[in-house]
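# Structural overview for review
Read off the chains here:
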Amino acid sequence: MNKTSLCAATLCVVVIGVQLVGCQQGTPDVLVPTTKNVDAWPELKSPVERDPEIEARIDNLLAQMSVEQKVGQMIQAEIRWVEPDDVRDYHLGSVLNGGGGHPGKVKHASAGDWVALADAFYEASMDTSDGRLAIPVLWGTDSVHGASNVFGATLFPHNIGIGAAHNPDLVRRIGEVTAMETAVIGIPWTFAPVLAVVRDDRWGRSYEGYSEDPEIVRSYAAALVRGLQGELGRDDYLDDSHVLATAKHFLGDGGTDNGHDKGNNLAEEEELFAIHGQGYVAALESGARTVMASYSSSRGLKMHGNRYLLTEILKERMGFDGFIVGDWEGHSEIPGCSKMACAAAINAGVDLLMAPQYWKPLLKNTIKDVKRGDISMARVDDAVRRILRVKLEAGLFETGAPSSRSYAGKTEILGAPLHRAVARQAVRESLVLLKNNAALLPLDRSLNVLVAGRSANDVSRQSGGWSLTWQGTDNNDDDFPGATTIFEGIREVVSSAGGTATFSEDGSYSDRPDVAIVVWGEPPYAECYGDLKHLNYDAQDPQSLVVLENLKADGIPVVSVFVSGRPLWVNPHLNASDAFVAAWLPGTEGDGVAEVLFKTSAGEVNYDFKGKLSFSWPKSLDQNQLNVGDVDYDPLFPYGYGLSYAQAREVSDEFSVETGEAYLNYAAVPAGFSCIG
Ligand code: BGC
Ligand code: BGC
């Protein structure tokens, strides 16, 4: 095929055959001239049967809508910057609350507060005075590990931990519980699942992905969508206890160059599909009706402006007839666009623009774009048709005010004991035992246990980002009623059988303990704030190694419980620990950890370890991209690794602690990448 690439500092033109694919200002440096290979993608058919009655209702609505009303449907504002009256006056189709967005800006907002606000938006959208058309507003939220923005909700382990559990049935249950707790606050739509296949663990969103392995992501995508939405074709599909799912972020978010958030994925189409596209096949086949565009670029083209992948591949080739929602101001990153104006995103195929703050200028400019012909009426009608289709399928026109739905406002469902039991099971199954020398674990309940480390008694640290606040920071334990820290779980277990548990963050003690459990690891972060230059854990927290080594020097058996959003280079810490558990980000049910670490009171194994790595563990610091199937694959612990009590094994006490050149090259720079955008 005939390919040409003409690049200047601010202008880049790529010609494929005779077709112009991109012509943008400020295009990222690495713009790979592309061939189009539609055959690399599967031809799919939407499993949701077209309903002639729904399509006729859409025709009827479209025929009555002005340009203003149509464009209004295509804009989503955030509750911190929009009032119910705006929804009425500007015909807004959708609202969201982003991470840390709560009714009245109060993070302890009750279920009743959420539902009251949802009602207010709904009533405004249904107001027919002044000849308005009544079209129910659709509210979306990030219920990404449980209803994670809601005070009192059950928070599940982040996806990385669920990936280690290798249990699609459990994922489905998690989806059901998440949907129900989201239904309690009157919101019918979540921005989940994340289907990123994470290829470079320096990425700050690694923990939002299930695995580096597309197979796991594919099987979990189906399970979570089914859990969230109910089973297509069954009565429970999108009923009052279920919510719409969003497959995100399309496409290639987990494979950006250097693991840079919002970065550039350089994969050719075959690889893009084989690795990053797998989850979408399963999500679409399971009936996901919304897909979120990725902030990232594919071979230099921002996904929000990538007509080929959004329209020709996702919608046309893969038969997706729900709608594409943009990410938070994602349109503004297309060269030539701003937060307030962006015909290019709509022309590329984004149907609903997430415009949290600048929704009003964006709305006005988009109306102008349509009137000027920069966006065709056919494109607008297609976008609105898709949005209305999903609203009609979800029954929003029939269910009435959010408060009239069966579970709305039922506070007792948030963090219900049965839901917490599912989360505790998820915690138990997510734990991966990396080392257990001299069969130190499982421990007797009668021991005197020293519990140390910054993550031992802190719900925020064990929950990570996207927990009540966007970054998961600025919270304390009172912000998570009903939650249990890892230390509290240990204390409960040992005190039931004559043992003791003493918490001492720095590991100091006056009475010599029988064993020390040190719970240490990463602080909470989200998105680019979690990007790393290198995987050397010690560089972000030198103190934990000191605690481990001091205890070891005192001759006390040491169990490490590592709380983190990804595998990191921790060879010195492994050497200083007799047993080492990767606990990921367990969420609110920290007691699941003790249930595995300790025997029953009768001295039997209580729960064995089930977790197996869904991410490869690095042996050296140059292994930023370390994935099963690599040529020269040489991890410290391979994909699928995980010891159990049933299959005990000794591992080295002398892993290399050489940080090598890779680290020295980075040592001068601060750990985090700077956030862009
Ligand atoms: C929001 C998040 C959003 C982020 C994007 C935050 O203020 O709460 O939901 O993802 O901004 O920058
Ligand atoms: C994130 C999305 C999220 C959205 C809304 C963005 O910054 O990338 O995953 O759904 O914010 O909070």
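Residues numbered from 1 in each chain as written. Chains lettered and ligands numbered in written order. Predicted model: local features only at pLDDT ≥ 70, side-chain atom pairs only at ≥ 80, totals over all residues. Heavy atoms only, no water.

### Description of the state of the cysteines
Put simply, the rule reads: Two cysteine sulfur atoms form a disulfide, by the criterion used here, when they sit within 2.5 Å. Relative accessibility thresholds used throughout: buried, under 20% of the residue-type maximum; exposed, over 50%; partly exposed, between the two (1.4 Å probe, protein chains only).
Inspection of every chain in the model, using the stated rule, returns 1 disulfide. Through a disulfide, C337 is tied to C342; the S-S separation comes to 2.2 Å. Here the S-S torsion is close to 65 degrees, and the disulfide linking C337 with C342 is therefore right-handed. The residues C337 and C342 share a single accessibility class, namely buried.

### Looking at the site of ligand 2
Let me state the cut-off plainly: For this purpose, a residue is taken to be near a molecule or strand whenever a single non-hydrogen atom of the residue falls within 4 Å of it. Polar contact is defined as a pair of N or O atoms within 3.5 Å, subject to the rule that within protein one atom must be able to donate a hydrogen and the other to accept it, and that residues adjacent in sequence are counted only when both atoms are side-chain atoms. Note that accessible areas follow from Shrake-Rupley with a 1.4 Å probe, and for residues the cover is restricted to the protein chains shown. Any residue that is not Ala, Val, Leu, Ile, Met, Phe, Trp, Tyr, Cys, Pro, Asp, Glu, Lys or Arg is counted as polar, Gly included; the first ten are nonpolar and the last four charged.
In the vicinity of ligand 2 lie 15 residues, with D142, R205, K248, H249 and D327 positioned nearest. One of the side-chain nitrogen or oxygen atoms of Y295 is found 3.1 Å away from an oxygen atom of ligand 2. A total of 310 Å² of accessible area belongs to ligand 2 in isolation, and the protein chains cover 97% of it. Looking at the shell around ligand 2 residue by residue, the class counts come to 7 nonpolar, 3 polar and 5 charged.

### Topic: the sheet that holds strand β13 (residues 323–325)
In sheet architecture, strand pairing relies on hydrogen bonds along the backbone and comes in two forms, parallel and antiparallel. Definition in use: Strand pairing is assigned whenever DSSP identifies at least 2 bridges connecting the two strands. Secondary structure elements follow DSSP: runs of H or I no shorter than four residues count as helices, runs of E no shorter than two count as strands, and numbering proceeds from the N terminus. Axes here mean lines fitted to C-alpha atoms, for a helix over just the part in contact, with angles spanning 0 to 180 degrees between N-to-C directions. By the convention used here, residues are in contact when the closest approach between their heavy atoms is within 4.5 Å.
Sheet architecture is open: 3 strands sit in the order β8-β10-β13, paired in parallel fashion. This sheet does not close on itself; its edge strands, each paired only once, are β8 (246–250) and β13. Recorded for the sheet is a direction-independent mean angle of 30 degrees between the axes of neighbouring strands. The strands touched by helix α8 (residues 269–285) within the sheet are β8 and β10 (290–293), with β8 carrying the most contacts at an inclination of about 155 degrees.

### Notes on the packing of helix α6 (residues 168–184) against helix α14 (residues 417–430)
A pair of packed helices is characterised by two quantities: the angle between their axes and the separation of those axes. Counted only if it meets this: Handedness of a helix crossing follows the sense of rotation of the near helix relative to the far helix, less than a right angle counterclockwise being left-handed and clockwise being right-handed.
Direction vectors running N to C along α6 and α14 enclose 145 degrees, while the axes themselves pass 10 Å from each other. At the point where α6 passes α14, the crossing takes the left-handed sense. For the pair α6 and α14, contact is made by L170, R173, I174, V177, M180 and E181 and by H419, V422, Q425, A426 and E429, respectively. When its residues are assigned to classes, the contact of α6 with α14 shows 6 nonpolar, 2 polar and 3 charged.

### Points about the nonpolar core
Operational definition: The set of buried Ala, Val, Leu, Ile, Met, Phe, Trp, Tyr and Cys residues whose side-chain atoms join them within 4.5 Å is what this entry labels a nonpolar core.
In terms of nonpolar packing, the biggest core is built from 125 residues, with W41, F121, W139 and F250 touching the most fellow members. With 9 residues, helix α7 (residues 214–229) is the single largest residue contributor to this core. Setting aside chain neighbours within four positions, we find W139 in contact with I79, V95, L96, N97, W114, L117, A118, F121, I187, P188 and W189. Counting residues in hydrophobic clusters, the runner-up holds 81 residues, among them W520, L532, L551 and W584.

Functional significance is not addressed by these values, which are geometric in nature.
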